[in-house]
Amino acid sequence: MAPEKQTVTVEVDGRKLGLSNLDKVLFPATETTKGEVLHYYATVAPVLLPQLEHRPLTRIRFPEGVGGISFFEKNLPQGAPDWLGRVTIDSRGSRGGDQVTYPLVEDVAGLTYLANLASIELHVPQWRVDANLTPKNPDRLVIDLDPGAPAGLHECAVLALAVRERLTDLGHDTSVPVTSGSKGLQLYAPLDGSRSSDEVRDSMREVAQALTKDMPDLVVWKMTTNLRKGKILLDWSQNVAAKTTVCPYSMRAKERPTVAAPRTWDELERETQHPGVLRQLDFEDVLERLDRDGDLMDAIEH
């Protein structure tokens, strides 16, 4: 017989939610439970929700915990409550003109509802929908620095500083690095909404091509796998409207409960001088840093 599901009813933002199996271990290596994951998301909500606001949300669910079965989920979950925000959008890149109804997470109740479904990873595009639920131009750009072994965070930090200089030359004076919680890091910069996703993509591709030319021993701009050993893929394609990137402050489904964590440029500069000091952060690290440093993503919020 299957074990009986244990559910606790809680009230969040005036909504009653049934939270199930809070003692279930989702990260076996650290014995991190579903209850701890829910607590992290509720605690980090004041800085996470601004990143999710008005962005169609794709989740990666791990009902049996990391290492078990997992699946991407774009559509609103079956049985989702009526109060959970949603937007229906033509599936970008779909030949059949299919539509997807995504959740829009605007409050802690919505975040908790999805986290209770073992939605460990949260992925969003760089654009939002407006008050009429119509997609807008992107309000930020992202560059993903993806290292090919044996390259790692040290090489990413070196390249990130070079990318920041290029972005500054293009008029993007403010940018925020985010260690991905996986292998590499992302760089975000705000946009004024005047350019389309395709225009931003093309601009970032030019940056990637220029840096590949200037730093050929470190950078590649093409996705070809056999070019990437020991180098950093400067992935400009994350700005394509149909693509999503892990949301800053989202947990990652890795062996440890790591997080896509905003960092300071001082930390990256320190890594270039003292290799090995920069590491991926877990959820406890991130909560401690929030108490100490506040929301580093606030620098690019409009």
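Residues numbered from 1 in each chain as written. Predicted model: local features only at pLDDT ≥ 70, side-chain atom pairs only at ≥ 80, totals over all residues. Heavy atoms only, no water.

## A closer look at the overall build of the protein
We count it as follows: Strands are runs of DSSP state E lasting at least two residues, helices are runs of H or I lasting at least four, and both sets are numbered from the N terminus onward. Here the radius of gyration uses the C-alpha set of atoms, whereas the globule reference equals 2.2 Å times the residue count to the power 0.38. Using the Shrake-Rupley algorithm and a 1.4 Å probe, accessible areas are obtained, with residue cover drawn only from the displayed protein chains. Lys and Arg are tallied as positive, Asp and Glu as negative. Neither His nor the chain termini are counted. Charged groups are reduced to one reference atom each: NZ for lysine, CZ for arginine, CG for aspartic acid, CD for glutamic acid.
Within the protein one finds 6 helices and 16 strands. Since a compact globule built from 302 residues should have a radius of gyration of about 19 Å, the 19 Å found for the protein is in line with a globular shape. Dimensions of the protein, computed from the C-alpha atoms along their principal axes, are close to 60 × 45 × 40 Å. Carbon and sulfur atoms make up 47% of the accessible area of the protein, which amounts to about 14200 Å² in all. Side-chain charges of the protein comprise 35 positive and 45 negative groups, with the mean position of each set lying 5 Å from the other.

## Section: the sheet that holds strand 6 (residues 71–73)
The pairing of strands in a sheet happens through backbone hydrogen bonds and is either parallel or antiparallel. Note the following rule: The rule for pairing is simple: two strands pair if DSSP sees at least two bridges between them.
Ordered in space as 6-5-9-15, the 4 strands form an open sheet in which the pairing is antiparallel. Looking along the sheet, the strands with just one partner apiece sit at the ends: strand 6 and strand 15 (245–246). Pairing analysis gives 2 bridges linking strand 9 (residues 119–124) to strand 15, with the strands arranged antiparallel. Along strand 15, the bridge assignment pairs valine 124 with threonine 245.

## A few points about the domain arrangement of the protein
What counts, and what does not: Boundaries between domains were set according to an automatic or database domain assignment. Whether two residues touch is decided by their heavy atoms; if any such pair falls within 4.5 Å, the residues are in contact. When a carboxyl oxygen of Asp or Glu is within 4 Å of a side-chain nitrogen of Lys or Arg, the pair counts as a salt bridge. Distance and chemistry together define a polar contact, namely a pair of N or O atoms within 3.5 Å, with one atom able to donate a hydrogen and the other to accept it when in protein, and with adjacent residues in sequence counting only for side-chain atoms on both sides.
Per the domain assignment, the segments of the protein are domain 1 (7–135) and domain 2 (137–293). Each partner contributes residues to the interface: domain 1 has 29 residues there, and domain 2 has 31 residues. In this structure, the connection of domain 1 to domain 2 is made through 3 salt bridges. Here arginine 128 and aspartate 139 are joined by a salt bridge, their closest N and O atoms 2.8 Å apart. Inspection of the domain 1/domain 2 interface yields 15 residue pairs in polar contact (both at pLDDT 80 or more). Taken together, the elements giving at least two residues each to the side of domain 1 that touches domain 2 come down to helix 1 (34–52) and strand 9.

## Thoughts on the pairing of strand 5 (residues 58–61)
Consecutive residues of a regular strand have side chains that alternate between opposite faces of the sheet. We count it as follows: Accessible area is worked out with a 1.4 Å probe on protein chains only. A residue is then buried under 20% of its type maximum, exposed over 50%, and partly exposed in between.
Here strand 5 shows a buried face lined by Thr58 and Ile60 and a second buried face lined by Arg59 and Arg61. In this sheet, strand 9 lies alongside strand 5 in antiparallel orientation, the contact comprising 4 bridges. Within strand 9, the residue paired with arginine 59 across the bridge is leucine 122.

## With respect to the sheet that holds strand 16 (residues 261–262)
This is how the line gets drawn: All axes here are fitted lines through C-alpha atoms, helices being fitted over the stretch that makes contact, and every angle between N-to-C directions spans 0 to 180 degrees.
With mixed pairing, 6 strands are arranged side by side in an open sheet as 13-14-10-12-11-16. Both outer strands of the open sheet, strand 13 (219–220) and strand 16, are each paired with one neighbouring strand and no more. As judged from the 6 bridges shared by strand 10 (residues 140–147) and strand 12 (residues 185–190), these two strands associate in the antiparallel manner. Across the sheet, leucine 145 pairs through a bridge with leucine 185, a residue of strand 12. Strands in contact with helix 3 (residues 153–169) are strand 10, strand 11 (176–179), strand 12, strand 13 and strand 14 (232–235); relative to strand 10, the strand with the most contacts, it is inclined by about 150 degrees.

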